[in-house]
Amino acid sequence: MPVALADSTGPTSPTHFAATFLLLSSLFYISLLTVKTKPYHLRVTTIISLCTLLSLHLFLLLNPSQFLQFHNSFMTHWLSPPGKPPGFSTWSLRVNPSSGNLHPTESYIIAPAIDSVCDSPFVAHYAPKEHALELRAKIPSGSGFFNKFFPKNSFLIGFSSIFWREAWKYGERAFRYCNHDVGHAIAAVTMAAAGLGWDVKILEGLGYKDLEKLMGLHIFPEFQIPSKPVKGKFPEIEFEHPDCVLVVFPSGSREFDVNYEKLSLLIKEFSVLDWKGKPNLLSKEHICWDIIYRTAEAVKKPLTTRDAFAVDPFYGSGIFNENCYKGFTVREVVRKRRSAVDMDEVTTMDRETFYQILLHCLPSGSGSGGKQKRQLALPFRVLSWDAEVHAALFVHRVKGLPKGLYFLVRNEDHIGELKKVMRPDFEWQKPEGCPDDLPLYELARGDCRQLAKGLSCHQDIASDGCFSLGMVAHFEPTLRNNNVWMYPRLFWETGVLGQVLYLEAHAVGISATGIGCFFDDPCASTSGVDGIKLSKSISFYRGRSSLRQADYEPTSIPRS
Ligand SMILES: Cc1cc2nc3c(=O)[nH]c(=O)nc-3n(C[C@H](O)[C@H](O)[C@H](O)COP(=O)(O)O)c2cc1C
């Protein structure tokens, strides 16, 4: 049965799933993981730069012997055009991708005293251009901030978003783009930390106000949201919206519990710290897309103490065919990851490679004995909720697999509901050769290239690679049963999954591109889910392609 956009209306049923797309396509560049005999997570031996704040000083403090080896940075390279001297026209490359390369995510570190940085615990902002930490505030040594709540040698990483960085270009879509980017940053930190023997968990109990104080973001003047979009001078629109704070702790630390109530009480005192630094202004004039700020306001999370902080046992991702990986180190994969701008419409992927990539997209990994649901594998384990995001795959060129629409169920509790709300004529057949522990289903056969391209704002990268995928979120029930503040968290989950797809693509010798631009309603009707809100979709392509900076070589790699 061919998949057709035009007649794919499906039944009108209650809408439980929102499709989201973040497209990933592929391209050339490189890399991958090392030790062939070990599963993916164990191969994460050299890391990555991480985001921001895992700054060198911390590595010196916590892991001195590994510092030179691993060292990290959010920013990986400076590039110049060929034949031009460095400095002529340069731009930076980052570990994490970002919608429109606008990088709205800011990073903070909250760490214990470090000899070479600060004689007391401190809060610092990461300045990517300088690859430096900017000290924001000292935390009094006697406050017991770290030893009361976290294992020895732990520290915190916080993320905030400047909506304006995306909004000047993308208008109201900035809200979702910023949150996708947060997910990519979360995954980058988690993978980097794992490579150094650390584990990471989101401090989910904290509320908006706690995060604001922890990162010193309460210093921004309050922004009065207008009732409609307006143009003018609104410097206060450039405020930083606190997203989340992660605790990074030595892997295998004995179990610890975070008392959010007490932690929040201590954080309240951060408002009287001597906060330093004033962010520079980005623009002289602004356009306020009011809906961004009203949405952000509506989904602000309060302090929640109901769910205890828990670190789940670790499970590695399933192994099906390790030979598909090119033998690059994790560090190479991470630092050389780039987005493709074009696909060759020719390259074909093996079925085994396709299955292997998808095994690494599963939240529970392999060997837990349970269904896919809990987030136990890297990097998904950083998130504190059960998987709520699935993937609808458009297979264009995978050797041994018929072209068509497939579905990866990442939370197997949802399968009955999915079958009910999606088109009744979908097949839900396990494809040939599919590993038993991979909940992948063939829905319908047919050439989906034009469909995928049409859904993705007519971008060729959606049709010209090996496959693309849209992410489908368990939307309304999650918001209803948990709370509306799960809304940005669903985007974070898609970003984490997107980061895995980027790394996997490079690991098998190709590349990927996130695509944040898609048409909501056609995406919904393709799956047959009606009346839903689509939040984003992701597609993932593979193909030999011309590369964004294909002919350019890094002029310097200052921090490797
Ligand atoms: C959430 C998200 C959405 C994106 N959307 C698109 C898109 O619609 N089209 C596209 O060509 N690239 C898209 N990209 C890729 C970015 O343009 C790319 O990450 C950025 O230019 C930085 O380049 P790099 O990934 O090579 O570091 C997206 C990336 C992310 C993370």
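Residues numbered from 1 in each chain as written. Predicted model: local features only at pLDDT ≥ 70, side-chain atom pairs only at ≥ 80, totals over all residues.

1. Brief notes about the overall build of the chain
At step 1: A tally of regular secondary structure across the chain gives 15 helices and 19 strands.
At step 2: Out of the 560 residues in the chain, the part that is buried amounts to 54%.
At step 3: Counting only contacts in the chain whose residues sit at least 6 apart along the sequence, the fraction spanning at least 24 positions is 81%. (Helix = DSSP H or I, 4+ residues; strand = E, 2+ residues; numbered from the N terminus. Buried ≥ 20, exposed ≤ 12 C-beta atoms within 10 Å, placed from the backbone. Contact = placed C-beta atoms within 7 Å.)

2. What to know about the site of the ligand
At step 1: Taken together, 23 residues sit near the ligand, with P97, N101, S339, G514 and G516 positioned nearest.
At step 2: Mapped onto the shell around the ligand, the elements with two or more residues apiece are β1 (17-24), β3 (91-94) and α5 (174-195).
At step 3: The dominant element in the shell around the ligand, judged by the number of residues it contributes, is α5, at four residues.
At step 4: Tallied by class, residues from the shell around the ligand come to eight nonpolar, eleven polar and four charged.
At step 5: Composition of the shell around the ligand by domain shows at least three residues from each of domain 1 (18-31 + 316-540) and domain 2 (48-79 + 89-195 + 204-298). (Near = placed C-beta within 6 Å. Nonpolar A, V, L, I, M, F, W, Y, C, P; charged D, E, K, R; others polar. Domains from an automatic or database assignment.)

3. Overview of the pairing of strand β6 (residues 132-138)
At step 1: Pairing between strand β5 (residues 122-127) and β6: six bridges, direction antiparallel. By the bridge assignment for β6, A124 is matched with L135.
At step 2: Taken together, β5 and the strand that follows it, β6, pair antiparallel across an intervening segment of four residues, in which H131 is found at a positive phi of about 50°. (Pairing = 2+ DSSP bridges.)

4. Comments concerning the environment of A185
At step 1: Structurally, the position occupied by A185 is in helix α5.
At step 2: Assessed through the 32 C-beta atoms surrounding it within 10 Å, A185 is described here as buried.
At step 3: Between the C-alpha atoms of A185 and V95, which are 90 residues apart in sequence, the distance is 8.7 Å.

5. A few points about the environment of D521
At step 1: For D521, the location among the structural elements is in helix α15 (residues 520-527).
At step 2: Residue class for D521 comes out exposed when judged on the 12 C-beta atoms lying within 10 Å of it.
At step 3: Separated by 66 residues in the primary sequence, D521 and L455 place their C-alpha atoms 9.0 Å from one another.

6. Topic: the packing of helix α4 (residues 163-170) against α5
At step 1: Contact geometry for α4 and α5: axes closest at 8 Å, N-to-C directions at 135°. Taken together, the axes of α4 and α5 lie oblique to each other. Handedness of the crossing formed by α4 with α5: right-handed. Here α4 contributes F163, E166, A167 and Y170 to the contact with α5, which in turn contributes A174, F175, Y177 and C178.
At step 2: Looking at side-chain class alone, the contact of α4 with α5 contains seven nonpolar, no polar and one charged residues. (Axes fitted to C-alpha atoms, helices over the stretch in contact; angles between N-to-C directions. Parallel < 35°, antiparallel > 145°, perpendicular 65-115°, else oblique. Left-handed = near helix turned anticlockwise from the far one by under 90°.)

7. With respect to the sheet that holds β5
At step 1: One open sheet holds the six strands; their spatial order is β6-β5-β4-β7-β10-β8, and the pairing between them is antiparallel. Lying at the two open borders of the sheet, with one neighbouring strand each, are β6 and β8 (198-202). On average, adjacent strands in this sheet sit at an angle of 25° to one another, irrespective of strand direction.
At step 2: Across seven bridges, strand β7 (residues 155-161) lies against strand β10 (residues 241-250) in antiparallel orientation. Bridge pairing in β10 places S160 opposite P242.

Such coordinate-based values are descriptive only and should not be taken to indicate function.
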